[in-house]
Amino acid sequence: MRALIRTMLTAMIVGVALVAATAPARAEDGYDLWLRYRPLAARDAADLARRAGSIERRGDTPTLRAAADEVRRGISGLSNRPVAQSVQGGIVLAPASDPAVAALHLPIAPLGDDGYLVRSVTLEGRSVTLITGKTDRAVLYGSFALLRHLQTGGSLDRITLTSTPRVKLRVLDHWDNLDGVVERGYAGQSLWDWWTLPDFHDPRYTDYARANASIGINGTVLNNVNAKADSLTAPYIAKAAALADVFRPYGIKVYLSARFSAPIELGGLKTADPLDPHVAAWWKAKTDEIYRAIPDFGGFLVKANSEGQPGPRDYHRSHADGANMLAAALAPHHGIVMWRAFVYAETDPEDRAKQAYTEFKPLDGTFASNVIVQVKNGAIDFQPREPFHPLFGAMPKTPLMIEFQITKEYLGFATHLAYLGPLFAETLASETKQRPGETVAEIVDGAAEGHGLTGMAGVANIGRDRDWAGSTFNQANWYAFGRMAWDPTLGAAPVAREWAAMTFAPSPQVVDPVVAMMMGSREAVVDYMTPLGLAHVMATGHHYGPSPWVADLKRPEWNPVYYHRADTAGIGFDRTVTGSNGIAQYAPALAHLLADSATTPERALLWFHHVPWTYRMRSGRTLWAEMIDRYDAGVGYVAGMRRDWDTLRPSIDAERWAKTATFLTVQEREARWWRDASLAYWMSVNGLTLPTGTRPPAHDLAWYKAQRVANAPGNPQ
Ligand code: GCW
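Analysis parameters
Residues numbered from 1 in each chain as written. Predicted model: local features only at pLDDT ≥ 70, side-chain atom pairs only at ≥ 80, totals over all residues. Heavy atoms only, no water. Helix = DSSP H or I, 4+ residues; strand = E, 2+ residues; numbered from the N terminus. Rg over C-alpha atoms; globule rule 2.2 N^0.38 Å. Buried < 20%, exposed > 50% of the residue type's maximum accessible area, 1.4 Å probe, protein only. Contact = heavy atoms within 4.5 Å. Lys, Arg positive; Asp, Glu negative; His and termini not counted. Charge placed at Lys NZ, Arg CZ, Asp CG, Glu CD. Core = buried A, V, L, I, M, F, W, Y, C linked by side-chain atoms within 4.5 Å. Expected span 1.5 Å × (residues − 1). Bend = angle between axes of the 7 residues up to and from the residue. Pairing = 2+ DSSP bridges. Near = heavy atom within 4 Å. Polar contact = N/O pair within 3.5 Å; in protein donor to acceptor, adjacent residues only side chain to side chain. Areas by Shrake-Rupley, 256 points an atom, 1.4 Å probe, with all protein chains shown as cover. Nonpolar A, V, L, I, M, F, W, Y, C, P; charged D, E, K, R; others polar. Phe/Tyr/Trp six-rings, centres within 6.5 Å; stacked < 30°, edge-to-face > 60°. Lys NZ or Arg CZ within 6 Å of the ring centre and 35° of its normal. 1 Å grid on protein atoms, 1.4 Å probe; cavity = no way out; pocket = protein on both sides within 12 Å on 5 of 7 lines; lining within 4 Å. Points joined across faces, edges and corners; volume = space filled by probe spheres on them. Axes fitted to C-alpha atoms, helices over the stretch in contact; angles between N-to-C directions. Salt bridge = Lys/Arg side-chain N within 4 Å of Asp/Glu carboxyl O. Parallel < 35°, antiparallel > 145°, perpendicular 65-115°, else oblique. Left-handed = near helix turned anticlockwise from the far one by under 90°.

**Q** Is there a simple way to think about the overall build of the protein chain in this case?
**A** In terms of helices and strands, the protein chain carries 22 helices and 16 strands. The C-alpha atoms of the protein chain give 27 Å as radius of gyration, which agrees with the globular expectation for 717 residues (27 Å, within 12%). C-alpha atoms of the protein chain, sized along the principal axes, occupy 80 × 80 × 50 Å. Residues classed as buried in the protein chain amount to 61% of the 717 residues present. A separation threshold of at least 6 residues defines the contact pool for the protein chain, and within that pool the share at least 24 residues apart is 72%. Distance from the positive charge centre (73 side chains) to the negative charge centre (74 side chains) of the protein chain: 5 Å.

**Q** How should I be thinking about the nonpolar core in this particular structure?
**A** Where a protein is soluble and globular, its nonpolar side chains tend to be buried together. With 191 residues, the main nonpolar core has Phe247, Trp283, Trp478 and Trp645 as its most contacted residues. For Trp283, the residues in contact, after removing those within four places along its chain, are Leu232, Ala258, Arg259, Phe260, Ala262, Pro263, Phe300, Met325, Leu326 and Ala329. Phe413, Trp624, Ala680 and Trp682 belong to the second-largest nonpolar core, a separate cluster that totals 32 residues.

**Q** Looking at this model, I keep getting lost on helix 16 (residues 508-529). Mind explaining?
**A** Given 3.6 residues to a turn, an α-helix orients residues that are three or four positions apart in the same direction. The terminal C-alpha atoms of helix 16, which comprises 22 residues, lie 32 Å apart, in line with the 32 Å expected from a rise of 1.5 Å per residue. At Ser521, helix 16 shows its largest bend, some 35 degrees.

**Q** What's the story with the pairing of strand 13 (residues 400-405) in this structure? I'm lost.
**A** Put simply, side chains in a regular strand alternate between the two faces of the sheet. Most of strand 13 sits out of view: six of its six residues are buried. Neither face of strand 13 is exposed, since Leu400, Ile402 and Phe404 on one face and Met401, Glu403 and Gln405 on the opposite face are all buried.

**Q** Got a minute to help me understand the sheet that holds strand 4 (residues 116-123) in this structure?
**A** Pairing is mixed across the open sheet formed by six strands, whose spatial order is 2-1-3-5-4-6. Both outer strands of the open sheet, strand 2 (84-85) and strand 6 (160-163), are each paired with one neighbouring strand and no more. The pairing of strand 1 (residues 54-57) with strand 3 (residues 91-93) spans three bridges and is parallel. The residue of strand 3 that forms the bridge with Ile55 is Ile91.

**Q** Mind showing me how you'd approach the site of the ligand here?
**A** Around the ligand lies a shell of 15 residues, among which Glu183, Lys303, Lys376, Asp381 and Glu409 are the nearest. Side-chain polar atom of Arg184 to an oxygen atom of the ligand: 2.9 Å apart, as the coordinates give it. For the ligand, whose free accessible area comes to 340 Å², the fraction covered by protein is 98%. Within the shell around the ligand, the residues separate by chemical class into four nonpolar, three polar and eight charged.

**Q** Honestly, the packing of aromatic side chains in this entry has me stumped. Any pointers?
**A** We describe a pair of aromatic rings using the distance from one ring centre to the other and the angle between the two ring planes. A full pass over the atoms with the stated rule returns 39 aromatic pairs. Ring geometry for Tyr31 versus Trp468: centroids 5.1 Å apart, planes at 35 degrees, classification tilted. Taken together, the residues Tyr31 in the loop between helix 1 (2-22) and helix 2 (42-51) and Trp468 in the loop between strand 14 (455-459) and helix 14 (472-486) connect sequence positions 437 residues apart. Since its relative accessible area comes to 0%, Trp468 is described here as buried. The rings of Tyr31, Trp34, Trp192, Tyr205, Tyr208, Phe247, Trp468, Trp478 and Tyr479 are connected pair by pair, giving a single aromatic cluster. When the ring centre of Tyr236 is taken as origin, the NZ or CZ atom of Lys239, which lies over that ring, is 5.3 Å away. In this structure, Arg575 packs its charged tip against the face of Trp607, placed 5.1 Å from the ring centre.

**Q** Quick question: what am I supposed to make of helix 7 (residues 234-247) here?
**A** Taking 1.5 Å per residue as the helical rise, helix 7 with its 14 residues ought to reach 20 Å, and the 20 Å between its terminal C-alpha atoms agrees with that figure. Those residues of helix 7 lying buried are Ile237, Lys239, Ala240, Ala241, Ala242, Leu243, Ala244, Val246 and Phe247. Turning to helix 7, the residues buried within the fold contact helix 6 (203-214), strand 8 (219-221), strand 9 (253-257) and helix 9 (277-293).

**Q** It is not clear to me how the layout of surface pockets should be interpreted in this structure. Could you clarify?
**A** Where empty space is left in the structure can be found by rolling a water-sized probe over the atoms. Size it by volume and the largest pocket reaches roughly 800 Å³. Arg38, Pro39, Leu40, Ala41 and Pro506 are the residues nearest the centre of the largest pocket, which is lined by 34 residues in total. Among the elements of the structure, helix 1, helix 2, helix 3 (62-79), helix 5 (136-151) and helix 15 (492-503) are those that each provide at least two residues to the lining of the largest pocket. The biggest single contributor to the lining of the largest pocket is helix 2, with five residues. In terms of residue class, the lining of the largest pocket is built from 18 nonpolar, eight polar and eight charged.

**Q** Honestly, the sheet that holds strand 10 (residues 299-302) in this entry has me stumped. Any pointers?
**A** Two orientations exist for strands paired in a sheet by backbone hydrogen bonds: parallel and antiparallel. Strand order in the closed barrel formed by eight strands is 7-8-9-10-11-12-13-14, and the pairing between neighbours is parallel. Neighbouring strand axes in the sheet, compared pairwise and without regard to direction, differ in orientation by 25 degrees on average. Judged from the four bridges that link them, strand 13 and strand 14 form a sheet pairing that is parallel. Within strand 14, the residue paired with Gln405 across the bridge is Val459.

**Q** For this particular structure, what's the right way to read the environment of Tyr116?
**A** As for its placement among the helices and strands, Tyr116 is situated in strand 4. Residues Tyr116 and Pro362, spaced 246 residues apart in sequence, show a C-alpha to C-alpha distance of 40 Å.

**Q** What am I meant to see in the pattern of salt bridges here?
**A** Oppositely charged side chains are able to pair whenever their charged atoms sit close together. One pass over the structure, following the stated rule, counts 58 salt bridges. Taking the shortest distance from any N to any O, the salt bridge between Glu28 and Arg656 comes out at 3.6 Å. One end of the pair, Glu28, is in the loop between helix 1 and helix 2; the other, Arg656, is in helix 21 (residues 654-686), and 628 residues separate them in sequence. No difference in accessibility class separates Glu28 from Arg656, as the two residues are buried. Of the charged contacts, one joins Arg435 and Glu449 as a salt bridge, the two residues approaching to 3.4 Å between their closest N and O atoms.

**Q** Any chance you could explain the packing of helix 5 against helix 6 here in plain terms?
**A** Put simply, helix 5 and helix 6 touch, their axes get as near as 9 Å, and they point 80 degrees apart. One way to sum up the angle between helix 5 and helix 6 is to call them roughly perpendicular. On the side of helix 5, the interface is formed by Leu140, Tyr141, Phe144 and Arg148, while helix 6 contributes Arg210, Ala213 and Ser214. For the contact of helix 5 with helix 6, the per-class residue count stands at four nonpolar, one polar and two charged.

**Q** Would you explain the packing of helix 7 against helix 9 in this entry?
**A** Pairs of packed helices are described in terms of their axes, by the angle between the two and the distance that separates them. Two elements in contact, helix 7 and helix 9, have axes separated by 9 Å at closest approach and are oriented at 40 degrees. The orientation of helix 7 with respect to helix 9, classified from their angle, is oblique. As helix 7 runs across helix 9, the sense of the crossing is right-handed. Here Ala234, Ile237 and Ala241 of helix 7 lie close against helix 9, whose contacting residues are Lys286, Glu289, Ile290 and Ala293. Along the lines of polarity and charge, the residues of the contact of helix 7 with helix 9 split into five nonpolar, no polar and two charged.

Have a look at this one:
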């Protein structure tokens, strides 16, 4: 009996010890993002330790040091043992110029500057895993690729990993104000503590750079496009320079949003006219000053003549005049201008969706060679779903970069789970029909038109929240943006799989259900907010919650009724020849399809057509019945995600599980709110009833209209 008790006790102690050995050493609060490096299963960890017992770095640059530090951190964590740097490592980081690497005659040339090769080789008589590429930066990217491989279930056995980025500028746009408020930010205050910069380098700045480098991001615009001239003053240049110093080893360049009227506000000039020589001289001097502090400064991002921002149109000059003037100041330093095409004017009665094209298309071919025009994914404004912007494919002589919004201004802020990979992928895979088979991705990566300057920008969702992005699943959107900017053809599901394996655990029991939840989540948001091509039906100002009834705002195109045009007869914005003829901005072959509601994809029906409530859908249902079905599908999907997440509870650490579970409860409640408020309003317009069996809205329309969301985050006052 005693012996039995002793055996049981021993078993219990061993059990406790085993649990302790496998339990995460650090709290899982989301801070580590997808770079958690938690121990692999015992056998894999031992195998890794055997093959990667030490790490060798050939070269002593800040970038190589950063890369080797990351590999050491990652391998130590995954193998659950300390890993040393030594002169003879199982993993060797070396640029291709290293004589021993050069002697291997590896296919480095096609990799370009940033492409990497990770391969099992025999180097000077030893079997090693070599991480190499033309530049130190490529070695850094290769290091992260190797760690990703190991975190997602790969081993070091006969490994070959290689990839070259298809897009040159892979940039995060921070809409961070100098007072710490992030416009459309739902993850707390700005990461940049301008007050303690340039002296204090918060360790988070380094972790931010690590995270970005791990997904290939190589640029960051520090301040909001609704810019203050102050960011161009000497003290703020010094602060930006301090950040640039932290980011440089990670291959990340700093850019600034430039306020077009800065020569007046800072320089005391009477004008900001881009053709005025004093204005040009002011910008040249200012640019030179920035480069003295930040020798590898990336350049300027400009929002001009849009939503109250100053710009060249104030002086009857074109957007090209404005962009080219800045480009001339930057050119000697190899800097670039990212000039936004997001323009529309309240004085212009033209369909808002047409205005950017109307303004920019005639300027094709007139921009300086270091200007890239930054075009939002859709023609209105980061809605849950928009058809691709008609400028893609329509300005063949001008490099265009695409701008996505990673922060979820219109998709439920931080609380709603909406994986944006499918949104990015859907836009990138859209066929322009300008030339046979041409996709938006091929415009963005330069393949279609042969531009060398290419780019993808994402409006960041990062703040000072412990988990950076406001929720674990929002981290996936940051991750997906970076991965798809590196390669726009990767696909949303493979990227989600990588992320889920790294963020939670590499087992199919976790990855499969998590990815399944993610993949339908954005469509669910579309369904419960803006089904079948609806857009811009959200509440005023903060943009949270439904308000399709709003009709009294100053500018016509700020009102939801402008977009949905619902009346007793039907709903939708007629962009055919009988309406705004917006479809004519697309290639003729596409315009031809969009001209007819029957050949328009149903997901974009109400974007292009005003159709009767009784319109027959492909399902055989009326439009009205189909809309109700979509709203219900959206709400139902969220309820399903909540249930799926419940079943994952044993596999996910407590803190991250609980926060997501709570957010899913919020999302389900709010999906219902969207559905019910929308249905109540549509019924007040169309006078129709709900089909039998349909759940009626929980309240009457007056109740929904009376709802107020106070102090919603991210809303510029
Ligand atoms: O979506 C709108 C946002 C504004 C933003 C603007 C833009 C930075 O509501 O907050 O301003 O787009 O992209 O410039």
